[in-house]
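Structural features, examined
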Amino acid sequence: MTGSTPAPFTAADHRARMERAARSAADAGLAGLLVAPGPDMVWLTGYTPTAVTERLTVLVLTPGRDPVLVVPTLEAPDAEHAAGSSALALRDWTDGKDPYAVTAALLDDRGRFGISDNTWAMHLLGLQRALPDTSYASLTDALPMLRAVKDAAELELLAAAGAAADATFEEIRKVPFAGRRESDVGHDLAGLLRRFGHEQVDFTIVGSGPNGANPHHEVGDRVIQHGDMVVLDFGGLKDGYGSDTTRTVHVGEPTEEERRVHDIVREAQEAGYRAVRPGVACQEVDRAARAVITEAGYGAYFIHRTGHGIGVTTHEPPYMIEGEEQPLVPGMCFSVEPGIYLPGRFGVRIEDIVTVTEDGGRRLNTTTRDMVIVD
Ligand code: ZN
Ligand code: ZN
Ligand code: ZN
């Protein structure tokens, strides 16, 4: 069993996505899209090569023409399986042939193309060599909203991934923290995500005490102490769709200051969530959350954007950030995750995935946002 996402999408779904992508490319003034193996290819076709190697695999989407998947001959049988389910024409190339010439034959030799961000540089250089008069734009820059609005089936998968992450939190809050290393708790988190159905764990952040003040801290050897705040941020893919949630717990009774900071972050998260409704610009979600933290005097300690989209990856457009004027649309899914980071001391972050509905937002994470006390 290879070459397909476990998500329950049909050939018709993939065909519709490819047609929409090609239309959007034309609207953006592009001669087509070149899509490498990865999230865009999975979303568009359902196809994932068994291994991504130096051999060129690329999906060519050209407005008004049938999509073509260029594949190495040895991958063709697997690709054919995927092609059969999504009406893709295959163009295979054997070792010793020039795959860029094969691809170039499908392209307008003076066109500007959107190319997926994770395309290997050697492949883009090869195409530029084969077609020196073409030019390229980042697919994400050119069509940032291509995958942003989720359909009903995608929303169901994202909700299921969120529920699995919530189940993980309900279990992790019961394990001992004090006296164990962050990496031990991280290991527990990964095991629980898998137990609740994730096929891929993308991150398990356990930021205890001063490590919680570094939002990029993953896990380390630090032994968690009684009295520590611990930021727990974890997620991955379940049935091809992402989860990402954060709760900040405390080992034993918190101080008054720790409680106050946690309350501010919880209020900021609530304000960000309440700002979500159709037509509102993404930056308004960031502003709403940030205002609470700024008014409480901690503005300088909220050092990242408020949120990011989620879908077949755990970080994608739309971004909830100052300057992003993209209006929210029902079906978009993204995180609302304000935080306060006090260097050398502790950090607090609270994160839910939220989806835009016709009349507001709906949280896909529903575990308590009150501070949980752990042992
Ligand atoms: Zn404490
Ligand atoms: Zn997160
Ligand atoms: Zn996140």
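Quick summary incoming for the structure in this document. (Residues numbered from 1 in each chain as written. Chains lettered and ligands numbered in written order. Predicted model: local features only at pLDDT ≥ 70, side-chain atom pairs only at ≥ 80, totals over all residues. Heavy atoms only, no water.)

**Structural notes on unusual backbone geometry**
Quick reminder of the rule: What counts as a helix is a DSSP run of H or I of at least four residues, what counts as a strand is a run of E of at least two, and both are numbered from the N terminus. Buried means the residue's accessible area, taken with a 1.4 Å probe over protein chains only, is under 20% of the maximum for its type, while exposed means over 50%, and partly exposed covers the values in between.
Cis rather than trans, the peptide bond between proline 317 and proline 318 has omega equal to 5 degrees. One can find proline 318 in strand E12 (residues 316-320). Backbone geometry places aspartate 239, a non-glycine residue, at a positive phi of 50 degrees. Here aspartate 239 lies in the loop between strand E8 (229-238) and strand E9 (241-242). Since its relative accessible area comes to 29%, aspartate 239 is described here as partly exposed.

**Describing the coordination of the zinc ion (ligand 2)**
Threshold: Counted as donors are N, O and S atoms no farther than 2.8 Å from the metal, or 3.2 Å for Na, K and Ca; water is not among the atoms, and sites may therefore look incomplete. Working rule for geometry: tetrahedral if four donors all subtend angles between 85 and 135 degrees; square planar for four, octahedral for six, if opposite donors exceed 155 degrees and the others stay between 65 and 115; irregular in every other situation.
Of the protein atoms, only Asp233 (OD), Asp233 (OD), Asp244 (OD) and Glu351 (OE) coordinate the zinc ion (ligand 2), at distances of 2.0 to 2.5 Å. Each of the 4 donor atoms bound to the zinc ion (ligand 2) contributes to angles spanning 57 to 148 degrees, and the resulting shape is irregular. Of note, the donors binding the zinc ion (ligand 2) are all from one chain and are spaced D-x10-D-x106-E. If you look at the zinc ion (ligand 2) and the zinc ion (ligand 3), they sit 3.0 Å from each other and are both ligated by aspartate 244. Residue aspartate 233 is located in strand E8, and its partner glutamate 351 is located in the loop between strand E15 (346-349) and strand E16 (352-357); the two are separated by 118 residues in the primary sequence. The two residues aspartate 233 and glutamate 351 agree in class, both being buried.

**Observations concerning the pattern of salt bridges**
Two side chains that carry opposite charge are able to pair once their charged atoms sit near each other. The test is simple: Counted as salt bridges are all cases of a side-chain nitrogen of Lys or Arg within 4 Å of a carboxyl oxygen of Asp or Glu.
This model, assessed by the stated rule, comprises 28 salt bridges. Arginine 349 is paired through a salt bridge with glutamate 337; the nearest N and O atoms lie 3.8 Å apart. Pair noted here: arginine 349 is in strand E15 and glutamate 337 is in the loop between strand E13 (333-336) and strand E14 (339-342), with a separation of 12 residues, a long-range link. Of the two residues, arginine 349 and glutamate 337, both sit in the buried class. One network of salt bridges, in which partners are shared, links Arg247, Glu270, Arg274, Asp352, Arg363 and Arg369.

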